[in-house]
Amino acid sequence: MNESQLRHLVVSFRHIDELLGEAVRNLSAEADASPFARYTQDASPVQRKVVADHVAGIRRAMARIMDEVGAPRPAPVSGALWAAQSQVAAARIAIDELRPRVMRGYGALSDADAVRLDGIAAELDAALERLLAYLAQGPDADLPARLQRLEQTRDEVPLLRELARIVTDHGLVGLRGTLSLLLERLEGDGFEIGVFGRVSSGKSSLLNRLLGAPVLPVGVTPVTAVPTRIRLGEHSRAMIEFAQSPPLTIGLERLPEFSTEQQNPGNRKHVTRILVEVPAGRLPPGVTWVDTPGLGSLATDGAAETDAYLPRCDLGLVLIDAGAVPTPEDFALVQRLLRAGASAMVLVSKADLLDAPDRQRVVDYVRQQLGAQLGTPLAVYPVSVKDAAASLCEAWFDEALQPLLRTHGEQAAAAMRRKIGLFREAVERTLEARLGQPAAAPRYAAALAALRAGDELCEAARRAA
Ligand SMILES: Nc1nc2c(ncn2[C@@H]2O[C@H](COP(=O)(O)OP(=O)(O)O)[C@@H](O)[C@H]2O)c(=O)[nH]1
Ligand SMILES: [Mg+2]
């Protein structure tokens, strides 16, 4: 195909992609929160998931075809936060259409109505201005200090119940997903370690090394939407759950049939969960390892799935391939982990590919970049699964990981407190934003006051103790 034909192909693909994106958005729970919702919400969560899986598969096919025919992939124009700022700024300009001056073009206007319209415009403008101010804050420079404060969250169980009540009573739909994950976490007391990194950064290889057995398939493209969870069990086996059919228990040798793109392209089998049990030594009871779907070439779907998973994660191991350049996405992932209340550790994987001085240079570079972007130092360790460099992996495991595994109960509790604290902040921000909507303002004010009164009671109890 010539250049114009390739460009036409990309433009058509983009249009198809936008239409599919709209279909998925229309099915989302957020869609019916708008007073202008076009459709009634008749899809079940399972139907939403299956549709999203199908769409993810079609998007992957388009990406593959573009690569095959050599069509250029359009690069993102800007960051999403910046785009959101311009959209909100444009919404502020659109408020002008409500001014009496414009309305008079549609007929005579009484003085009372003119005053009313000015009031409506001022109200919306103030709400949009607050949103804009929030978006303009930029990267959260004070995040580490804030997280440390949040770790002191007290009485987290009653607090979470109160938050659940507020979210339900006030229909804060956007927060329901995180809430149900937090409630689920509260029931189990396990510690979850997520392994993150681009496709082929060595996640599955590292887990296999830690488990002491080739449990996970290596060198394959994983099914993006489905993380593989691994925990201690009496026998080696895998449980596979599906969107539409009953679960299946299989031997580990059959895992690739469900967890890889090669044998389950586009998640055609509609797998929703994969749980592996192994009787391996380095897996203490109560700790779950999670092999997450790769970011990278499948960035857009993968990132959404990763974000949905983050509220469950207590510790994130982020692998950066020693043979590749660390990308802004790698750093952004660490930031997202911290924002979700998880701890993070960065591993420079495949360190055997570098000689000792180069290895040190890469580790220093990653450490310095992370420190600059996060405003706090973060641990970075070189690792390798090759026998020749096995001492690196052992050193990391003994020095950094083992102490955390030994105290995993406390680590999980601290992470849970940070997560509930962060969630509470999100609830407060949402309530504050809704205070700008006068019809409902008193109800939100009451909810906010209840939250803050709870704080004062705790504080008083602490002082009295
Ligand atoms: N040299 C070297 N290669 C590795 C190492 N770890 C993984 N690999 C290779 O990198 C490729 C991708 O590994 P895999 O574990 O499937 O990566 P994942 O996609 O992140 O799960 C495979 O070909 C592995 O053999 C390592 O420590 N050193
Ligand atoms: Mg893998």
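What you see is a predicted model; the values in this text were computed from it and never measured. (Residues numbered from 1 in each chain as written. Chains lettered and ligands numbered in written order. Predicted model: local features only at pLDDT ≥ 70, side-chain atom pairs only at ≥ 80, totals over all residues. Heavy atoms only, no water.)

## Overview of the packing of aromatic side chains
Summed over the entire model, instances satisfying the criterion amount to two aromatic pairs. Aromatic side chains phenylalanine 242 and phenylalanine 258 sit 5.9 Å apart centroid to centroid with 70° between the ring planes, which places their arrangement in the edge-to-face category. In this pair, phenylalanine 242 sits in strand 3 (residues 237–242) while phenylalanine 258 sits in helix 10 (residues 256–259), placing the two residues 16 residues apart along the sequence. What makes phenylalanine 242 buried here is its relative accessible area of 14%. The buried category is assigned to phenylalanine 258, whose relative accessible area is 5%. Taking 6.4 Å as the distance between ring centres and 75° as the angle between the ring planes, the aromatic pair formed by tryptophan 396 and phenylalanine 397 counts as edge-to-face. On the basis of relative accessible area, tryptophan 396 is assigned to the buried category, the value being 1%. Looking at phenylalanine 397, the relative accessible area reads 4%, which means it is buried. (Phe/Tyr/Trp six-rings, centres within 6.5 Å; stacked < 30°, edge-to-face > 60°. Helix = DSSP H or I, 4+ residues; strand = E, 2+ residues; numbered from the N terminus. Buried < 20%, exposed > 50% of the residue type's maximum accessible area, 1.4 Å probe, protein only.)

## Quick look at the confidence of the model for the chain
Mean pLDDT over the chain stands at 84; residues scoring 70 or higher make up 88%. The element-level mean pLDDT for the chain is lowest in helix 11 (residues 299–309), coming to 58, with strand 4 (residues 248–250) highest at 96. (pLDDT = per-residue confidence, 0-100.)

## Looking at the nonpolar core
Counting 41 residues, the largest nonpolar core has Ile230, Ile240, Val276, Val278, Trp289, Leu317 and Trp396 as its most contacted members. Broken down by secondary-structure element, the contributors of at least two residues to this core are strand 1 (191–197), helix 9 (203–211), strand 3, strand 5 (271–278), strand 6 (287–291), strand 7 (315–321), strand 8 (343–349) and helix 14 (390–406). It is helix 14 that contributes the most residues to this core, seven residues altogether. Discounting chain neighbours no more than four positions away, the residues touching tryptophan 396 are Leu206, Leu210, Leu317, Met345, Leu347, Tyr381, Val383 and Leu401. (Core = buried A, V, L, I, M, F, W, Y, C linked by side-chain atoms within 4.5 Å. Contact = heavy atoms within 4.5 Å.)

## Considerations on the pattern of salt bridges
Counted under the stated rule, the structure contains 24 salt bridges. The closest approach of N and O atoms between aspartate 118 and arginine 99, which form a salt bridge, is 3.4 Å. With aspartate 118 in helix 5 (residues 111–135) and arginine 99 in the loop between helix 3 (80–94) and helix 4 (100–103), the pair connects residues that are 19 residues apart, well separated along the chain. The salt bridge partner of aspartate 321 is lysine 350, with a shortest N-O separation of 3.2 Å. (Salt bridge = Lys/Arg side-chain N within 4 Å of Asp/Glu carboxyl O.)

## So, unusual backbone geometry
Residues other than glycine seldom take positive phi values, yet serine 200 does so here, at roughly 75°. Looking at the secondary structure, you find serine 200 in the loop between strand 1 and helix 9. A positive phi angle is found at histidine 270, which is not glycine, with a value near 50°. Locating histidine 270 in the fold gives a position in the loop between helix 10 and strand 5.

## Overview of the pairing of strand 3
Two faces belong to every sheet, and in a regular strand the side chains alternate between them. Pairing between strand 3 and strand 5: six bridges, direction antiparallel. Each residue of the ladder has a partner; that of isoleucine 240, found in strand 5, is isoleucine 274. In terms of strand pairing, strand 3 meets strand 4 through three bridges, oriented antiparallel. Pairing of isoleucine 240 across the sheet is with leucine 248, part of strand 4. Where strand 3 folds back onto strand 4 in an antiparallel hairpin, the turn is made up of five residues. (Pairing = 2+ DSSP bridges.)

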